[in-house]
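# Structural overview
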Amino acid sequence: MRRLTLNLFTMAKAKKSIPAKKEKLSVVTPSGKKENSFFEQVYEVARQIPRGRVTSYGAIAFCLGTKLSARMVGWAMNGAGQVKPKVPAHRVVNRNGMLSGKHHFGGNTMQKLLEKEGIKVKNDTVVDFEKKFWDPSDQLF
DNA sequence: CGCCTGACGAAAC
DNA sequence: GGTTTCGCCAGGC
């Protein structure tokens, strides 16, 4: 298990060396600011997540070059529901595949959305997380 | 202007 | 191997 997790993370790392240059975005940050910032980058990446797939905060952060700030990614999702182009925040979970954000969706909305996309959720955790995992780095190319 | 908090993650105990 | 602590960075108070 751990090895698998390690693998997928390693995978992300392997793909590293990616410039990860995402700019000129105009989205509204949680605070209401309309400027290019870390948040918009997160939103954009999140929006790239294919239906039926999931990714982790850390992966996104990594993709943006701020892997040490996975927290910011998660926090950025806080405003995901406010931005116009809907951001599939429900497809973003923590590195364990756990729906850590379901609490913010209210009830089990998050889980329902995921299951609707064919993702099985058990005990607030994505089943076969590794298989459903989508590397944000892919969309950079 | 400084302190606390936060949808994470990884190292240290 | 489970639990606690710290780091990161931006925003709220």
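All of the points below concern the structure found in this document. (Residues numbered from 1 in each chain as written. Chains lettered and ligands numbered in written order. Predicted model: local features only at pLDDT ≥ 70, side-chain atom pairs only at ≥ 80, totals over all residues. Heavy atoms only, no water.)

## A few points about the overall build of chain A
Here is the rule: Helical segments are the DSSP runs of H or I of at least four residues, strand segments are the runs of E of at least two, and each set is numbered from the N terminus. Note on definitions: a residue-residue contact is assigned when non-hydrogen atoms from the two residues lie within 4.5 Å.
Helix and strand counts for chain A stand at 7 helices and 4 strands. Taken from the N to the C terminus, the helices and strands of chain A come in the order α-α-β-α-α-β-α-α-β-β-α. Partitioning the intrachain contacts of chain A with sequence separation of at least 6 by distance along the chain shows that 62% fall at a separation of at least 24.

## Section: helix α3 (residues 57-64)
For clarity, the cut-off: Burial status follows relative accessibility: with a 1.4 Å probe on protein chains alone, a residue under 20% of its type maximum counts as buried, one over 50% as exposed, and anything between as partly exposed.
Burial of α3 is extensive: 8 of the 8 residues sit out of reach of the surface. By the burial criterion, the buried members of α3 are Y57, G58, A59, I60, A61, F62, C63 and L64. In the segment just after α3, G65 is the residue with positive phi, at about 90°.

## So, the packing of aromatic side chains
We count it as follows: Side-chain rings of Phe, Tyr and Trp, where Trp is taken by its six-membered ring, are said to pair if the distance between their centres is within 6.5 Å; with planes under 30 degrees apart they count as stacked, over 60 as edge-to-face, and otherwise as tilted.
By the definition in use, this model includes 2 aromatic pairs. Centre to centre, the rings of F38 and F39 are 6.3 Å apart; their planes meet at 90°, and the pair counts as edge-to-face. Between F129 and F133 the ring centres are 5.6 Å apart and the planes differ by 75°, which places this aromatic pair in the edge-to-face class. Of the two residues, F129 and F133, neither departs from the other in class, the shared state being buried.

## Some points on helix α6 (residues 109-116)
Quick note on the threshold: It is the directions from the helix axis to the C-beta atoms that the arc portrays.
Of all the residues in α6, the buried ones are M110, Q111 and L114. In an axial view of α6, the angular spread of the buried residues amounts to 95°, which keeps them on one side of the axis. Along α6, the residues that are exposed and aim more than 90 degrees away from the buried face are K112 and K116. Residues of α6 that are buried make contact with β2 (92-93), α5 (102-105), β3 (121-122) and β4 (125-126). One or two positions beyond α6, positive phi appears at G118, with a value near 95°.

## Remarks on the protein's contact with DNA strand B
Spelled out, the test is: Throughout, near means a residue has at least one heavy atom within 4 Å of the molecule or strand. N or O atoms within 3.5 Å of each other form a polar contact, as long as, within protein, one can give a hydrogen and the other can take it, and as long as residues adjacent in sequence are counted only when both atoms are side-chain atoms. Polar here means any residue outside two lists: the nonpolar Ala, Val, Leu, Ile, Met, Phe, Trp, Tyr, Cys and Pro, and the charged Asp, Glu, Lys and Arg; Gly therefore counts as polar.
In the neighbourhood of DNA strand B, 18 residues make up the surrounding shell, with Y57, R71, M72, M77 and R95 lying closest. Considering the 4 Å shell around the protein, atoms of DNA strand B inside it are sugar or phosphate in 40% of instances. With respect to DNA strand B, the side chain of R71 contributes an N or O atom lying 3.0 Å from a base nitrogen. Take H104: an N or O atom from its side chain is 3.0 Å from a phosphate oxygen of DNA strand B. At the level of secondary structure, the elements contributing two or more residues to the surface near DNA strand B comprise α3, α4 (70-76) and α5. For the surface near DNA strand B, the element with the most residues is α4, which contributes 5 residues. Its residues assigned to classes, the surface near DNA strand B shows 8 nonpolar, 8 polar and 2 charged.

## Re the environment of R95
Note on placement: R95 falls in the loop between β2 and α5. Taking the C-alpha atoms as reference points, R95 and L64, 31 residues apart in sequence, are found 16 Å from one another. A polar side-chain atom of R95 sits 3.3 Å from a polar atom in the side chain of N96.

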